[in-house]
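Structure assessment
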Amino acid sequence: MFLVFIGPPGAGKGTQAQRLIDYLEIPHLSTGDMLREAVKQGTELGKKAGPIMAASQLVGDDLMIGIVRERLAEADCTKGCLLDGFPRTIAQAKALDKLFAHMNRSLTAALELRVPEAELIRRLLGRFQEMAKPRADDRPEAVPKRLETYRNETRPVLDFYRLTDRLAAIDGVGSQDEVFDRILRAIDQQTSQK
Ligand code: ADP
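Treat the numbers as computed from the prediction; the structure is a model and nothing was measured.

What follows concerns unusual backbone geometry. Phe86 connects to Pro87 through a cis peptide bond whose omega is 0 degrees. By secondary structure assignment, the location of Pro87 is in the loop between strand 3 (81-84) and helix 5 (90-102). With a phi angle near 55 degrees, Asn104 is a residue other than glycine that sits in the positive phi range. Tracing the backbone shows Asn104 in the loop between helix 5 and strand 4 (109-114). The exposed category is assigned to Asn104, whose relative accessible area is 75%. Although it is not a glycine, Asp165 adopts a positive phi angle of roughly 60 degrees. Relative to the elements of secondary structure, Asp165 occurs in the loop between helix 7 (143-163) and strand 5 (167-171).

Here we take up the packing of helix 1 (residues 13-24) against helix 8 (residues 176-192). At their nearest, the axes of helix 1 and helix 8 sit 11 Å apart, and the two run at 55 degrees to each other. As summarised for this structure, helix 1 and helix 8 are arranged oblique, according to the angle between their axes. In this structure, the crossing between helix 1 and helix 8 has a hand that is right-handed. Counted together, Thr15, Gln16, Arg19, Leu20, Tyr23 and Leu24 of helix 1 and Gln176, Asp177, Val179, Phe180, Ile183, Leu184 and Ile187 of helix 8 form the full contact between these two elements. A class-by-class count of the residues in the contact of helix 1 with helix 8 yields 8 nonpolar, 3 polar and 2 charged.

Checked against the element boundaries, Ile52 lands in helix 3 (residues 44-54). With relative accessibility at 25%, the residue Ile52 sits in the partly exposed group. A C-alpha to C-alpha distance of 28 Å links Ile52 and Gly126, two positions 74 residues apart in sequence. Excluding residues within four positions of it along the chain, Ile52 makes contact with Gln57, Leu58 and Val59.

Val4, Leu72, Leu83, Leu96 and Tyr161 are the most contacted members of the largest nonpolar core, which totals 29 residues. Contributing elements (two or more residues each) for this core: strand 1 (2-6), helix 4 (61-72), strand 3, helix 5 and helix 7.

A side chain with one charge can pair with a side chain of the opposite charge if their charged atoms come near. Per the counting criterion, the structure on display carries 16 salt bridges. The shortest N-O distance in the salt bridge between Arg71 and Asp76 comes to 2.8 Å. Since its relative accessible area comes to 18%, Arg71 is described here as buried. The salt bridge partner of Glu112 is Arg114, with a shortest N-O separation of 3.2 Å. Of the residues examined, Arg114 reaches a relative accessible area of 42% and is grouped as partly exposed. Through salt bridges with shared partners, a single ionic network connects Arg71, Glu74 and Asp76.

Thresholds, definitions, all that
- Numbering of residues starts from 1 in every chain and runs along the sequence as written.
- Predicted model: local features are reported for residues with pLDDT of at least 70 only, side-chain atom pairs are reported and counted for 80 or more only, and whole-chain, interface and lining totals are derived from all residues.
- Values reported for side chains reflect all heavy atoms of the structure, with hydrogen atoms and water molecules removed beforehand.
- Helix numbering and strand numbering both begin at the N terminus, where a helix is a DSSP run of H or I of at least 4 residues and a strand a DSSP run of E of at least 2.
- Buried, partly exposed and exposed residues are distinguished by accessible area as a fraction of the type maximum, computed with a 1.4 Å probe on protein chains only: under 20%, between the cut-offs, and over 50%, respectively.
- Note on method: axes are straight lines fitted to C-alpha atoms, helices fitted across the in-contact stretch only, with angles between N-to-C directions ranging 0 to 180 degrees.
- Throughout this description, any angle smaller than 35 degrees is read as roughly parallel, any larger than 145 degrees as roughly antiparallel, any in the 65 to 115 degree range as roughly perpendicular, and the remainder as oblique.
- Here a crossing is taken to be left-handed if its near helix is turned anticlockwise relative to the far helix by less than a right angle, and right-handed if that turn runs clockwise.
- Here a residue-residue contact requires only that any non-hydrogen atoms of the pair lie within 4.5 Å.
- As a working rule, the residues Ala, Val, Leu, Ile, Met, Phe, Trp, Tyr, Cys and Pro are called nonpolar, Asp, Glu, Lys and Arg charged, and the rest polar, with Gly in that last group.
- In this description, a nonpolar core means a group of buried Ala, Val, Leu, Ile, Met, Phe, Trp, Tyr and Cys residues linked to one another through side-chain atoms lying within 4.5 Å.
- A pair is scored as a salt bridge if a Lys or Arg side-chain nitrogen falls within 4 Å of a carboxyl oxygen belonging to Asp or Glu.

Structure, rendered in structure tokens:
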């Protein structure tokens, strides 16, 4: 099962991604984690991506597509994976379809975790107050900008999947168990339609 997981900061994507990969026994391909690791290791990729990430901008499509292409070719992705943080642009979404086609695979569904902005703001501010060492990104002043960036960047990608009947929108308000159940039901629905 090949899934794309999309959701704004504060939606609970991290928690649900973890539950989903444990349940489905597929690897978690987070491009943010991959890039942070590259920065930490000081690789060529890390040197290129580091300053871009620090400025909260997007790393170039070609670079990102190359990273995902290599990762998808690894043995643990044969049966499926959960992509997280990718695709972030239409070019990436189209390239992902091509990559899958070349590998005789196809995307099962794009899952969108939806939470109203007022609730996201409440959660993000609460999280900040609980953190001992917050990331610069987590400062309360940065919250509106992060939400705006999400809206601007991600809407076209959501539209792309909606128009090709692959988008499953999931209500992210409720207990972790409730949200997880909704995700599983949404996946069932998408797979039974095909
Ligand atoms: P966030 O923590 O804001 O949800 P991520 O952890 O997914 O973001 O990614 C952190 C940073 O890495 C992004 O702000 C961006 O600079 C870069 N990045 C991650 N994935 C991509 C991608 N698919 N395309 C371009 N840049 C990316």
